[in-house]
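Coordinates in review
So the chains spell out like this:
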Amino acid sequence: MLVIVPAWNEEENVGRTVREILATDARYDVVVVDDGSTDGTAAVARAAGATVLPLPFNLGVGGAMKTGYTYALRHDYAQAIQVDADGQHNPADIAEVLSGLAVADISIGARFATVGDYSVRGPRRWAMLFLAGVVSRVANARLTDVTSGFRAANRRAIAQYVRYYPAEYLGDTIDSLVAGAHAGLIVTQVPVAMRPRVYGRPSQGPVGSTIYLFRSVFALGLALIRGPRKAHS
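Residues numbered from 1 in each chain as written. Predicted model: local features only at pLDDT ≥ 70, side-chain atom pairs only at ≥ 80, totals over all residues. Heavy atoms only, no water.

**Considerations on the overall build of the protein**
Secondary structure assignment for the protein yields eight helices and seven strands. Relative to its 233 residues, the protein shows a buried fraction of 54%. The contacts in the protein between residues at least 6 apart in sequence include a share of 78% that link residues at least 24 apart. Of the accessible surface of the protein, which amounts to about 10,800 Å², a share of 54% is contributed by carbon and sulfur atoms. (Helix = DSSP H or I, 4+ residues; strand = E, 2+ residues; numbered from the N terminus. Buried < 20%, exposed > 50% of the residue type's maximum accessible area, 1.4 Å probe, protein only. Contact = heavy atoms within 4.5 Å. Areas by Shrake-Rupley, 256 points an atom, 1.4 Å probe, with all protein chains shown as cover.)

Structure below.
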């Protein structure tokens, strides 16, 4: 089982994240995709025990994850899961998210599904509720957190992601999920609790939340316009 960790300038967090993952289960292989970092992310990740795939410049999460899924496909992994480098995804929940693959091709670790105290307000919350409602209809499943990056994929989903995994804003979450559903992949979610970043600070504030609202709706519109894409078996 492959754990893919996209990382951009996360030298303060990535080592701890890799060590936690490896300590959780010795069967996990960890690949850190260094997304054009200008700090010591690659060296720290390698020292912590991860295989590092360096990108020459910053492609964004979508580009980094497509690189990780390509690695998974070439090395014939049956399952792969994304865990963010910042420590917000708890490695102890990896097995729980993977358990969703028993009934689906894509399993999402959902922040708004009865576990934990993660919350958002204002325009960002409106956007997330709207996105979840629309994508739930597309995927024919009740989903509450379609922007979560904590998600697992089986062989069918890995092949689909290698074929099409968008790099634009929110493409790695919304667009990839809609494309997977259009391709006939089954989507489910399991509840998880998110943790705060140990170092660094995520972007927040009313202006940022309002921008998020409009950009997320735009990203969803693009995903729906693209229409169905055939999945590989």
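**Looking at the side chain of Thr173**
Counting through the fold element by element, Thr173 comes out in helix H7 (residues 171-182). Excluding residues that lie within four positions of it along the chain, Thr173 makes contacts with Val146, Thr147, Ser148, Gly149 and Arg151.

**Focus: the nonpolar core**
Grouped together as the largest cluster of nonpolar side chains are 33 residues, with contacts concentrated most on Leu2, Tyr69, Ile106, Leu143 and Leu177. Where this core is concerned, the elements lending two or more residues are strand S1 (2-7), strand S2 (29-35), strand S3 (51-55), helix H3 (61-74), strand S5 (106-110), helix H5 (122-139), helix H6 (155-163) and H7. Among the elements that line this core, the one with the most residues is H3, at five residues. In this structure Leu143 touches Ala132, Val135, Ser136, Leu177, Val187, Thr188 and Gln189, once residues within four positions along its chain are discounted. Within the second largest apolar cluster, 26 residues are counted, among which are Ala7, Val30, Ala45 and Val52. (Core = buried A, V, L, I, M, F, W, Y, C linked by side-chain atoms within 4.5 Å.)

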